[in-house]
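# Inside the fold
Below are the chains, spelled out letter by letter.
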Amino acid sequence: MKRIYLDNNATTMVDADVKAAMDPFFSDMYGNPNSLHSFGTEVHPAMREALDRIYEGIHADDEDDIIINSCASEGNNTVIKSAYYENILSGGKKNRMITSTIEHPAVSNTYRFLEKLGVEVIWLPVNKDGLIAPETLAEAIDPDTTALVSMIWANNETGLINPVKEYAEICRENGVPLHLDAVQAVGKIPVDMRDVKADFITFSAHKFHGPKGIGGLYVRQGNDIIPLIHGGEQMAGRRAGTINTPYLIGMGKAMELAVKNLDYEDTEVRKLRDKLEDALLAIDDVQVIGKRSLRTPNTILASFRGIEGEAFLWDLNQQGLAASTGSACSSESLESNPTFVAMDIGNELAHTGMRFSLSRYTTEQEIDAAIEVIKNAVARLRAISSTHNKEYI
Amino acid sequence: MSKDSLIGGSLWEQYSDKVTKRMNNPSFMGELTEEDAAEKGAKLVVADYGADSCGDAVRLYWLVDPESGKILDAKYKSFGCGTAIASSDVMAEMCIGLTVDEAVKITNLDVERALRDSPDRPAVPPQKMHCSVMAYDVIKKAASLYKNVDMSVFEDEEIVCECAQVSLSTIKDVIRLNDLKTVEEITQYTKAGAFCKSCIRPGGHEKRKFYLVDILADTRAEMEHEKLNTPPEEKTFSELTLIQKHKAVEKVIEQFILPILNADGGSVEVVDMKEEEGSTAVYIRYQGACQGCAASSTGTYEVISDTLKQKVDTSIIVYLL
Ligand SMILES: Cc1ncc(COP(=O)(O)O)c(C=O)c1O
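Basis of the calculations
Residues numbered from 1 in each chain as written. Chains lettered and ligands numbered in written order. Predicted model: local features only at pLDDT ≥ 70, side-chain atom pairs only at ≥ 80, totals over all residues. Heavy atoms only, no water. Helix = DSSP H or I, 4+ residues; strand = E, 2+ residues; numbered from the N terminus. Pairing = 2+ DSSP bridges. Axes fitted to C-alpha atoms, helices over the stretch in contact; angles between N-to-C directions. Contact = heavy atoms within 4.5 Å. Patch = residues over 30% accessible without salt bridge, like charges linked within 9 Å, V, L, I, M, F, W, Y side chains within 5 Å. Areas by Shrake-Rupley, 256 points an atom, 1.4 Å probe, with all protein chains shown as cover. Salt bridge = Lys/Arg side-chain N within 4 Å of Asp/Glu carboxyl O. Lys, Arg positive; Asp, Glu negative; His and termini not counted. Charge placed at Lys NZ, Arg CZ, Asp CG, Glu CD. Buried < 20%, exposed > 50% of the residue type's maximum accessible area, 1.4 Å probe, protein only. Near = heavy atom within 4 Å. Polar contact = N/O pair within 3.5 Å; in protein donor to acceptor, adjacent residues only side chain to side chain. Domains from an automatic or database assignment. Buried area = accessible area lost by both parts, 1.4 Å probe. pLDDT = per-residue confidence, 0-100. Core = buried A, V, L, I, M, F, W, Y, C linked by side-chain atoms within 4.5 Å. Disulfide = S-S within 2.5 Å. Phe/Tyr/Trp six-rings, centres within 6.5 Å; stacked < 30°, edge-to-face > 60°.

## With respect to unusual backbone geometry
Most peptide bonds adopt trans geometry, and most residues besides glycine take a negative phi value. Even without glycine at this site, D285(A) takes up a positive phi of about 55°. As for its placement among the helices and strands, D285(A) is situated in the loop between α10 (262–281) and β9 (286–288).

Written as structure tokens, this is what we have:
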């Protein structure tokens, strides 16, 4: 059976060029870049080149830092805990932190942990479009008491893109640092730090055809960061631990390719996404969450009435199609995906939501085949369903 | 926590083959109509349980012979995950041939057991147990409709969790039947508290009459009280199932033997039990400090063997592995 992968918001295939770029740095040029001998120094040009590509990719200034780390979860933890250490643990006046109800667990669970330590966290709700309105942030922010604002740039479940430029303006006016989780933005839409004046952003290479387990934390010049991991002097003392050279080099290549392909993403990937979305919407009682114009070009979150998400995912998987559900039934904890709850449409999305996310490797044949697979699964499961008795299509 | 818990996404790997098969090819899925009933001279019963908004809903159809009260045919429809569909499928099959009164006695545990590939390996991971609870509730609903009585005849229909439609008696039952000790376990088994969470403890977004924390505390207290006040089970040791025997042995080890061994940094685990002609073999293995200790093969062994014979049953023979 030829499988079809429409779960690219979870992770992506490593690009063959990325793999090739990494290859020499496992067994040939394996020196520790901190060593003074030739084994160490011969790695430097490729590392510098990778950093250049990553800086260019997000239009960072040479005076800014991009701390190379293990993943976006680490980056998010670093920023949030650093703000906590600096402002709150030290007994400062800025003792509140602001985030949203649609964050990835890498942010929301970090804040929940800080809540347990007694921090006051303000959780901003979404508007009818599924976005955090700038006014909502403007109302909650307080120059005297807000230590940090953390917002998701593009949401991993819905693909909805938040008005981050406006957030940055509001935060600047109030003198509060802004942290953006840009994991689902990088490689899907332009990310330009000259334009979006955020102080911190985080990303993970495996979401844009790089390897898993390497990421970046952008720190705009003038911002301090207290390391999450103390130890050696790597990353100018901001993140200890021997740098994963092959993966950094892989991330550099992946960034270069991702940026080159932004146009393709915006046109061809979008076209295929729209084709799939139109086909889904032609099925009875299917709802897609969020306006197309407000979403990343590769993502669809749809609700299929009368079909429980885990059963749906099961049927799709039986036919070789990989997607993702936030269904409560599919999670270890039986809890509905918080984004689904925040976006609540009559309490059903939490059980009937299915996410399809494409990549630049998705082909039209795959989309055509996926449409058939989805229709088959919908027909079978609606025939079993006790809550959907209508004939469909 | 354990090695197995370190890699996520193993939900489906924990389903038994029977669950997989039933999910892919449910045999009792479908509807029964008044025409089907008329043909067999039977009464049609259609019972609904759950709702879309809880993520689980099942409709059960029965054709009941009015003379004998026997269920002649059963079918179902299900809005639910794979486990819910597989459980409903087994449940419908189990109903056929039983009288309504017999069917009401089917529990979620029977449904789950029927889905096991081997008797000692659960058919589904713990958090999916709730799906079989649903199958058990709908039978009561069908029986109440057939007998034209309130469901409260079979259970006291005090709904504790509105989102998942879980009643007070269901919660008390699963606590007792499964010896649940935490609210999280109640949620895994029944789904109560999995959604809006109002029913877990006071202070949620909606005020409730009952809270899971209180029900758990009260039921555990009742269970303790009963344990102290009821004379030992009338059943003799030899009449117990192997699982019950195992529990009895474990309990005595925990209460009387481990305290002694733990004091010396040792421990013991029951590795296996087998029923033999006139005796019950208990295979044990030493752990911790007991392992290397020479005395463990004689003194400790005798203490364990004597204690089990005295406190559990004289038919026990302890084997040291
Ligand atoms: C929006 C968002 N933030 C953070 C993460 C975490 O990324 P990683 O698992 O690479 O740390 C993800 C990945 O799922 C994500 O989608």
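## Describing the sheet that holds strand β5 (residues 146–152) of chain A
To summarise the sheet geometry, strands pair through backbone hydrogen bonds and adopt either a parallel or an antiparallel arrangement. All names here are of chain A. With respect to topology, 7 strands assemble into an open sheet ordered β2-β8-β7-β6-β5-β3-β4, the strand pairing being mixed. Taken across any chain shown, the strands that pair with only one partner, and hence form the sheet edges, are β2 (65–69) and β4 (120–124). In this sheet, adjacent strand axes meet at a mean angle of 20° when their direction is disregarded. Inspection of the sheet shows β5 paired to strand β6 (residues 178–181) by 4 bridges, in the parallel sense. Within β6, the position partnered with M151 by the bridge is L180. Packing against the sheet, helix α4 (residues 44–58) makes contact with β2, β7 (200–204) and β8 (215–219), and its axis sits at approximately 120° to β2.

## Topic: the side chain of R295(A)
Structurally, R295(A) can be placed in the loop between β9 and β10 (299–304). Setting aside chain neighbours within four positions, we find R295(A) in contact with T158(A), G159(A), L160(A), I161(A), R270(A), R273(A), E277(A), V288(A), I289(A), G290(A) and I300(A).

## A few points about a negative patch on the surface
All names here are of chain A. Together, E135, E139, E166, E169 and E173 make up a region of like negative charge exposed at the surface. Taken together, the elements giving at least two residues each to the negative patch come down to α7 (134–140) and α8 (164–174). Ranked by the residues each element gives to the negative patch, the list is headed by α8, at 3 residues. You can call E166 partly exposed: its relative accessible area is 37%.

## Focus: the site of the ligand
All names here are of chain A. Close contacts around the ligand come from C71, A72, S73, H104, I152, N156, D181, V183, Q184, S204, H206 and K207, and that covers them all. A72 places a polar main-chain atom, nitrogen or oxygen, 3.4 Å from an oxygen atom of the ligand. Side-chain polar atom of Q184 to an oxygen atom of the ligand: 2.8 Å apart, as the coordinates give it. When the ligand is considered free in solution it has 400 Å² of accessible area, and contact with the protein chains removes 86% of it.

## Comments concerning the environment of S35(A)
Mapping S35(A) onto the fold places it in the loop between α2 (24–27) and α3 (38–41). Setting aside chain neighbours within four positions, we find S35(A) in contact with G40(A) and T41(A).

## Examining the sheet that holds β9(A)
Residues and elements named next belong to chain A. With antiparallel pairing, the 3 strands of this open sheet are ordered in space as β9-β10-β12. Single-partner strands in this sheet number two, and they are β9 and β12 (353–357). Strand-to-strand twist in this sheet, taken as the mean axis angle between neighbours without regard to direction, amounts to 30°. Where helix α11 (residues 309–318) meets the sheet, its contacts fall on β10 and β12, and the angle it forms with β12 comes to roughly 40°.

## With respect to the domain arrangement of chain A
Buried accessible area, meaning the area lost when the parts come together, often serves as the stated size of an interface. Residues and elements named next belong to chain A. Splitting chain A by domain gives domain 1 (17–260) and domain 2 (262–381). Using only C-alpha atoms to locate each centre, domain 1 and domain 2 end up separated by 28 Å. The interface of domain 1 with domain 2 comprises 24 residues on the first partner and 23 residues on the second. Taken over both partners, the interface formed by domain 1 and domain 2 buries close to 2,000 Å², and the fraction arising from carbon and sulfur atoms is 59%. Its largest share of buried area at the contact with domain 2, domain 1 owes to E157, K188 and H209, together 32% of the area lost on that side.

## Quick word on the confidence of the model for chain B
Residue and element names in this part refer to chain B. Across chain B, the average pLDDT comes to 85, with 90% of residues at or above 70. Of all secondary-structure elements in chain B, the lowest mean pLDDT belongs to strand β4 (residues 159–161), at 83, while helix α2 (residues 34–40) reaches the highest, 96. ipTM for the predicted complex: 0.84, alongside a pTM of 0.79.

## Here we look at the nonpolar core
Side chains of nonpolar character tend, in soluble globular proteins, to be buried together. Ranked by size, the top nonpolar core spans 93 residues in total, and within it F304(A), F356(A), I374(A) and W62(B) carry the most contacts. I66(A), C171(A), L180(A) and M193(A) belong to the second-largest nonpolar core, a separate cluster that totals 53 residues.

## Topic: the side chain of T78(A)
All names here are of chain A. Relative to the helices and strands, T78 is located in helix α5 (residues 72–89). In this structure the side chain of T78 is engaged in a polar contact, spanning 2.6 Å, whose partner is the backbone oxygen of E74. In contact with T78, other than residues within four places in its own chain, are L217, I225, I226 and L228.

## Describing the state of the cysteines
All names here are of chain B. Enumeration over the complete set of coordinates arrives at 0 disulfides over all chains. The thiol of C199 is not disulfide-bonded; the next cysteine sulfur, from C161, is found 4.1 Å away. For C199, a relative accessible area of 3% gives the class buried.

## Points about the packing of aromatic side chains
Residues and elements named next belong to chain A. Evaluated as defined, the whole model comprises 9 aromatic pairs over all chains. With centroids separated by 6.4 Å and ring planes inclined at 80°, the aromatic side chains of Y111 and W123 adopt a geometry described as edge-to-face. Of this pair, Y111 sits in helix α6 (residues 105–116) while W123 sits in strand β4, and the two are 12 residues apart along the sequence. Under the relative-accessibility criterion, Y111 is labelled buried at 0%. Residues F203 and F208 carry aromatic rings whose centres are separated by 6.4 Å and whose planes lie at 50° to one another, so their mutual orientation is tilted.

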